[in-house]
Amino acid sequence: MERMPLPQSLISAFLWPVRIDILTVLPELFSSWFGESILERAQSKGLVEIKVHDLRQWSPDKHRKVDDYPFGGGAGMVMQVEPIHRAIEQLRAERDYDEVIYLSPDGLLLDQPLANNLSTKGNLILLCGHYKGVDERVREHLITMEVSIGNYVLTGGELAAAVLCDAVVRLVPGVIGDETSALSDSFQDGLVAPPDYTRPADYQGWKVPDVLLSGHQANIDAWRHQQALERTRQRRPGMIEAGEEGEGG
Ligand code: 6GU
């Protein structure tokens, strides 16, 4: 199906730009990632606004300390409540937030439905944990959602926050040039993507499937769907089961 791309002015007129505030002790980590590529373009188009804040600026301590030893002993440091509370209070005084998300290995696993859901929200705060993590009172009183990017442990929440931002921002209408491409992604229809090929049609005897060169669009579409189904069965059988359960619901 051919679709006319929406003019940028129309997109902006009907959209509340997504705003993401990131709280971290390592703000420099984000600059190259958010300063380049699609994320940078999304920001310069005014579709999203990503602000990275150094948590130390809210430290009451003269050495700008934001962590301390755990009560009860044990290895590692714990991020203190006060700098985090002050940061979130200040941001909340400036605007409303839909979610205050703590990136944590024991959080809700990030998947495409969660990314879709977050992309429809207005404003998000992402709190990156470090050291052992945050004082539990942060989670009890300040956090509305906890998200993990997989069952493995990273040294901090920064990479996870960057992953979440990327997955969410690319879904904001207008961010990706071709309006249909985010919707035809792997996972978006509950199937992984079919294989793609480009020129040459024959590379040293490695050939592109004939059907893709046939010019017969119905056959091409059917082949792609078949391939996507087959791959999903092989690689993500759980996705097909989840899709069947979800049908009609
Ligand atoms: Cl969000 N944080 C850390 N430290 N490790 C992780 C993670 C988050 N998600 C997966 N591993």
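Remember, predicted model here, so these are calculated numbers, not experimental data.

Where strand 5 (residues 99–109) and strand 6 (residues 123–128) come together, five bridges link them in parallel fashion. Of the residues in strand 6, the one forming a bridge with V100 is I125. As a crossover connection, the stretch from strand 5 through helix 5 (residues 112–119) into strand 6 is right-handed. Taken together, the five bridges between strand 5 and strand 7 (residues 145–148) define a ladder with parallel strand orientation. Across the sheet, the residue bridging to L109 is S148, located in strand 7.

Neighbouring residues of the ligand: L103, S104, P105, V147, S148, I149, G150, Y152, V153, L154, G156 and A160. In the model, a nitrogen atom of the ligand is placed 3.0 Å from a nitrogen or oxygen of the I149 main chain. Relative to its unbound accessible surface of 290 Å², the ligand loses 96% to contact with the protein. Looking at the shell around the ligand, the elements that each hand over two or more residues are strand 5 and strand 7. Considering each element in turn, the shell around the ligand owes the most residues, three residues, to strand 5. Residue composition of the shell around the ligand, by class: eight nonpolar, four polar and no charged.

Right, let's get into the pairing of strand 6. With six of six residues buried, strand 6 lies mostly within the body of the structure. The two faces of strand 6 match: N123, I125 and L127 on one face and L124, L126 and C128 on the other face are all buried.

Another point: the sheet that holds strand 6. The strand order 2-1-6-5-7 describes an open sheet built from five strands, whose pairing is parallel. Each edge of the open sheet carries a strand with a single partner, namely strand 2 (48–54) and strand 7. Strand-to-strand, the axes of this sheet are offset by a mean angle of 30°, without reference to chain direction. Two elements, strand 1 (residues 18–24) and strand 6, share five bridges in a ladder whose sense is parallel. What sits directly across from L23, in strand 6, is L127. On top of the sheet, helix 4 (residues 81–94) reaches strand 1, strand 2, strand 5 and strand 6; it is set at about 160° to strand 1, its chief contact.

Take a nonpolar patch on the surface next. Where nonpolar side chains cluster on the molecular surface, the patch consists of Y152, L154 and L159 and spans about 290 Å² of accessible area. Taking relative accessible area as the criterion, L154 reaches 32% and is therefore assigned partly exposed.

What follows concerns the packing of helix 5 against helix 7 (residues 158–169). At a minimum axis separation of 8 Å, helix 5 and helix 7 run at an interaxial angle of 70°. Between helix 5 and helix 7, the angle is such that the two are roughly perpendicular. Side by side, helix 5 and helix 7 meet where A115, L118 and S119 of the first sit next to L164, A167 and V168 of the second. Partitioned by chemical class, the residues of the contact of helix 5 with helix 7 number five nonpolar, one polar and no charged.

Turning to the environment of E89, a few remarks are in order. Within the secondary structure, E89 is located in helix 4. Residues E89 and L142, 53 residues apart in the sequence, show an inter-C-alpha distance of 9.3 Å.

Once that is clear, we can look at unusual backbone geometry. That bond from R199 to P200 is cis: its omega, 0°, falls within 30 degrees of zero. In this structure, P200 sits in the loop between helix 7 and strand 8 (202–203). For R64, which is not a glycine, the phi torsion comes out positive at approximately 60°. As for its position among the elements, R64 is in the loop between strand 2 and strand 3 (67–68). Classification of R64 by relative accessible area gives partly exposed; the value is 38%. Of note in this structure, Q204 is not a glycine but carries a positive phi near 50°. Considering the arrangement of structural elements, one finds Q204 in the loop between strand 8 and strand 9 (206–207).

The biggest cluster of nonpolar side chains holds 33 residues, and the ones touching the most others in it are I20, I22, L118, L126, V147, L164 and V169. Listing elements by their share of this core, those giving two or more residues are strand 1, helix 3 (37–44), strand 2, strand 5, helix 5, strand 6, strand 7 and helix 7. Examining the composition of this core, we find that seven residues originate from one element, helix 7, more than from any other. Residues A87, Y97, Y102 and L127 belong to the second largest nonpolar core, which totals 19 residues.

Calculation notes
Residues numbered from 1 in each chain as written. Predicted model: local features only at pLDDT ≥ 70, side-chain atom pairs only at ≥ 80, totals over all residues. Heavy atoms only, no water. Pairing = 2+ DSSP bridges. Helix = DSSP H or I, 4+ residues; strand = E, 2+ residues; numbered from the N terminus. Right-handed = clockwise from strand over helix to strand, strands pointing away. Near = heavy atom within 4 Å. Polar contact = N/O pair within 3.5 Å; in protein donor to acceptor, adjacent residues only side chain to side chain. Areas by Shrake-Rupley, 256 points an atom, 1.4 Å probe, with all protein chains shown as cover. Nonpolar A, V, L, I, M, F, W, Y, C, P; charged D, E, K, R; others polar. Buried < 20%, exposed > 50% of the residue type's maximum accessible area, 1.4 Å probe, protein only. Axes fitted to C-alpha atoms, helices over the stretch in contact; angles between N-to-C directions. Contact = heavy atoms within 4.5 Å. Patch = residues over 30% accessible without salt bridge, like charges linked within 9 Å, V, L, I, M, F, W, Y side chains within 5 Å. Salt bridge = Lys/Arg side-chain N within 4 Å of Asp/Glu carboxyl O. Parallel < 35°, antiparallel > 145°, perpendicular 65-115°, else oblique. Core = buried A, V, L, I, M, F, W, Y, C linked by side-chain atoms within 4.5 Å.

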